[in-house]
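Residue strings, one per chain:
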Amino acid sequence: MADKTIKIRQIGSPIRRPKEQRAILTGLGLGKMHREVELVDTPEVRGMIRKLPHMVEVVEG
């Protein structure tokens, strides 16, 4: 059975953000504007997305 994935795009800049938020972006595999990554949809990844609603968005399709 294949794991379900989620596609995430960075829409906010890490400049002038707390170190914790920058660390979360790095943990998601992001760091530069408009980059997209595809990750396994786990509760941990969903929690990281919830902490950065102003900096990342879930891409449909």
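Presented here is an overview of the structure given in this document. Just so you know, these numbers come straight off a predicted model, no measurement behind them.

**Things to note about the nonpolar core**
Okay, so step 1: Core analysis: the biggest nonpolar cluster contains 12 residues, these being Ile6, Ile8, Ile24, Leu25, Leu28, Leu30, Val37, Val45, Ile49, Leu52, Met55 and Val56.
Okay, so step 2: Residue contributions to this core peak at three residues, all from helix α1 (residues 19-28).
Okay, so step 3: Beyond its immediate stretch of four places on either side in the chain, Met55 contacts Arg9, Gln10, Ile11, Gly12, Ser13, Pro14, Arg17, Gln21 and Leu25.

**Focus on the environment of Met33**
Okay, so step 1: Structurally, Met33 is set in the loop between α1 and β2 (36-40).
Okay, so step 2: Considering only alpha carbons, one finds Met33 and Lys7, 26 residues apart in sequence, at a separation of 15 Å.
Okay, so step 3: In this structure Met33 touches Gln10, Ile11, Gly12 and Ser13, once residues within four positions along its chain are discounted.

**Focus: the packing of α1 against helix α2 (residues 43-51)**
Okay, so step 1: Contact geometry of α1 with α2 gives a least axis separation of 10 Å together with a crossing angle of 140°. With respect to each other, α1 and α2 are oriented oblique. The chirality of how α1 crosses α2 is left-handed. Facing Ile24, Gly27 and Leu28 of α1, the residues of α2 in contact are Val45, Met48 and Lys51.
Okay, so step 2: In terms of residue class, the contact of α1 with α2 is built from four nonpolar, one polar and one charged.

**Digging into α1**
Okay, so step 1: Within the sequence span of α1, burial applies to Gln21, Ile24, Leu25 and Leu28. Relative to the axis of α1, the buried residues are bounded by an arc of 100° and lie together on one face. In this structure, α1 carries Lys19, Glu20, Thr26 and Gly27 as exposed residues pointing more than 90 degrees from its buried face.
Okay, so step 2: Each element contacted by the buried residues of α1 is listed here: β1 (5-10), β2, α2 and β3 (56-58).

What counts and what doesn't
- Residues numbered from 1 in each chain as written.
- Predicted model: local features only at pLDDT ≥ 70, side-chain atom pairs only at ≥ 80, totals over all residues.
- Heavy atoms only, no water.
- Core = buried A, V, L, I, M, F, W, Y, C linked by side-chain atoms within 4.5 Å.
- Buried < 20%, exposed > 50% of the residue type's maximum accessible area, 1.4 Å probe, protein only.
- Helix = DSSP H or I, 4+ residues; strand = E, 2+ residues; numbered from the N terminus.
- Contact = heavy atoms within 4.5 Å.
- Axes fitted to C-alpha atoms, helices over the stretch in contact; angles between N-to-C directions.
- Parallel < 35°, antiparallel > 145°, perpendicular 65-115°, else oblique.
- Left-handed = near helix turned anticlockwise from the far one by under 90°.
- Nonpolar A, V, L, I, M, F, W, Y, C, P; charged D, E, K, R; others polar.
- Arc of directions from axis to C-beta.

Function cannot be read off these values alone, since they describe shape.
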